[in-house]
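The chain contents come next:
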Amino acid sequence: MKKITGRGVIEGVVKGEAIVSNQPFGFFGGVNPATGVVIDKWHELYGQNISGKVMVYPEGRGSTVGAAIILELTRTNNAPAAIINTKIETITAAGGLLAKKFYDKDIPMIDRPSEDPVKAIKTGDIVEVNGTTGEITVYSK
């Protein structure tokens, strides 16, 4: 078990399986909101499903429409369970706020972690994310 501290950006607490990428991620054009499958052919997560996963990647990339895609992922029950970034993008955080406002769904988000999350967390690890306190607990697979 490993504890990492960061800055809670969007409140809530969840525990789930991690999906980790070394690359920035953009929700608009990056994921099919009806399925949660990554559709960006140039992204290392191409073809993988982010639904209900704790997404770990360095930072966001892309369009302001990304917030609306996170909202649509929430509506279709295909949103990630939580997001951990080195530096969160305002658009990504806005998607978390919209998910709470429109569907009362928490997608906790944390950035500025005490360790590089891409190196400290591996795909398949079970991760508890507390967006209220900024605490991340990693249970190795």
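Preceding this paragraph is the structure being described.
Here is a short report on the structure shown in this document. Everything quoted here is computed from the prediction, not taken from an experiment.

Observations regarding the nonpolar core
And then number 1: By size, the foremost hydrophobic cluster in this structure holds 20 residues, and its most contacted members are Phe25, Phe27, Val31, Ile50, Met55 and Leu73.
And then number 2: Those elements that provide at least two residues to this core are helix H1 (66-75) and helix H2 (90-103).
And then number 3: Sorting elements by how many residues they give to this core places H1 first, with three residues.
And then number 4: Beyond its immediate chain neighbours, meaning those up to four positions away, Phe27 contacts Ile50, Met55, Tyr57, Arg61, Gly66, Ile69, Ile70, Leu73, Pro80, Ile83 and Thr92.
And then number 5: With 17 residues, the next largest nonpolar core counts Ile4, Ala82, Val129 and Val138 among its residues.

Section: the sheet that holds strand S7 (residues 126-130)
And then number 1: Strand order across the open sheet formed by eight strands is S1-S8-S7-S3-S4-S5-S6-S2, with mixed pairing between neighbours. Every other strand in the sheet has two partners, leaving strand S1 (2-5) and strand S2 (7-10) as the edge strands with one partner each. Mean inter-strand twist for the sheet, computed between neighbouring axes without regard to direction, equals 25°.
And then number 2: Two elements, S7 and strand S8 (residues 135-139), share five bridges in a ladder whose sense is antiparallel. From the neighbouring strand, Asn130 faces S8, where its bridge partner is Glu135.
And then number 3: Sheet strands touched by H2: S2, strand S5 (82-84) and strand S6 (109-111). Its angle to S2, the strand with the most contacts, is close to 60°.

Thoughts on empty space enclosed by the protein
And then number 1: Evaluated as defined, the whole model comprises one cavity of 30 Å³ or more.
And then number 2: Approximately 40 Å³ is the volume found for the largest cavity.
And then number 3: Lining the largest cavity are Phe25, Gly26, Phe27, Gly60, Arg61, Gly62, Ser63, Gly66, Glu89, Ile91 and Thr92.
And then number 4: Across the lining of the largest cavity, the residue classes break down as three nonpolar, six polar and two charged.

Some details on the packing of H1 against H2
And then number 1: Across the interface, H1 lies against H2 with an axial gap of 8 Å and an inter-helix angle of 40°. One way to sum up the angle between H1 and H2 is to call them oblique. In this structure, H1 crosses over H2, and the sense of that crossing is right-handed. Residues Gly66, Ala67, Ile70, Leu71, Thr74 and Arg75 of H1 form the contact with H2, whose own contacting residues are Ile91, Thr92, Ala94, Gly95, Gly96, Leu98, Ala99, Phe102 and Tyr103.
And then number 2: Considering only residue class, the contact of H1 with H2 consists of nine nonpolar, five polar and one charged.

What about unusual backbone geometry?
And then number 1: With phi around 60°, Asn77 is a residue other than glycine that occupies positive phi space.
And then number 2: Structurally, Asn77 is set in the loop between H1 and S5.
And then number 3: Accessibility expressed as a relative area gives 69% for Asn77, which makes it exposed.
And then number 4: The residue Arg112 is not glycine, and still its phi comes out positive at about 50°.

Concerning the pattern of salt bridges
And then number 1: Counted according to the given criterion, the structure contains five salt bridges.
And then number 2: With a shortest N-O distance of 2.7 Å, Glu72 and Arg75 are connected by a salt bridge. Of this pair, Glu72 and Arg75 both sit in helix H1, three residues apart, which is roughly one turn of the helix.
And then number 3: Classification of Arg75 by relative accessible area gives partly exposed; the value is 46%.
And then number 4: Measuring nitrogen to oxygen at the nearest pair gives 3.1 Å for the salt bridge that ties Lys100 to Asp106.
And then number 5: We classify Asp106 as partly exposed; its relative accessible area is 31%.

How each quantity is defined
- Residues numbered from 1 in each chain as written.
- Predicted model: local features only at pLDDT ≥ 70, side-chain atom pairs only at ≥ 80, totals over all residues.
- Heavy atoms only, no water.
- Core = buried A, V, L, I, M, F, W, Y, C linked by side-chain atoms within 4.5 Å.
- Buried < 20%, exposed > 50% of the residue type's maximum accessible area, 1.4 Å probe, protein only.
- Helix = DSSP H or I, 4+ residues; strand = E, 2+ residues; numbered from the N terminus.
- Contact = heavy atoms within 4.5 Å.
- Pairing = 2+ DSSP bridges.
- Axes fitted to C-alpha atoms, helices over the stretch in contact; angles between N-to-C directions.
- 1 Å grid on protein atoms, 1.4 Å probe; cavity = no way out; pocket = protein on both sides within 12 Å on 5 of 7 lines; lining within 4 Å.
- Points joined across faces, edges and corners; volume = space filled by probe spheres on them.
- Nonpolar A, V, L, I, M, F, W, Y, C, P; charged D, E, K, R; others polar.
- Parallel < 35°, antiparallel > 145°, perpendicular 65-115°, else oblique.
- Left-handed = near helix turned anticlockwise from the far one by under 90°.
- Salt bridge = Lys/Arg side-chain N within 4 Å of Asp/Glu carboxyl O.

All quantities given are derived from atomic positions and should not be read as evidence of function.
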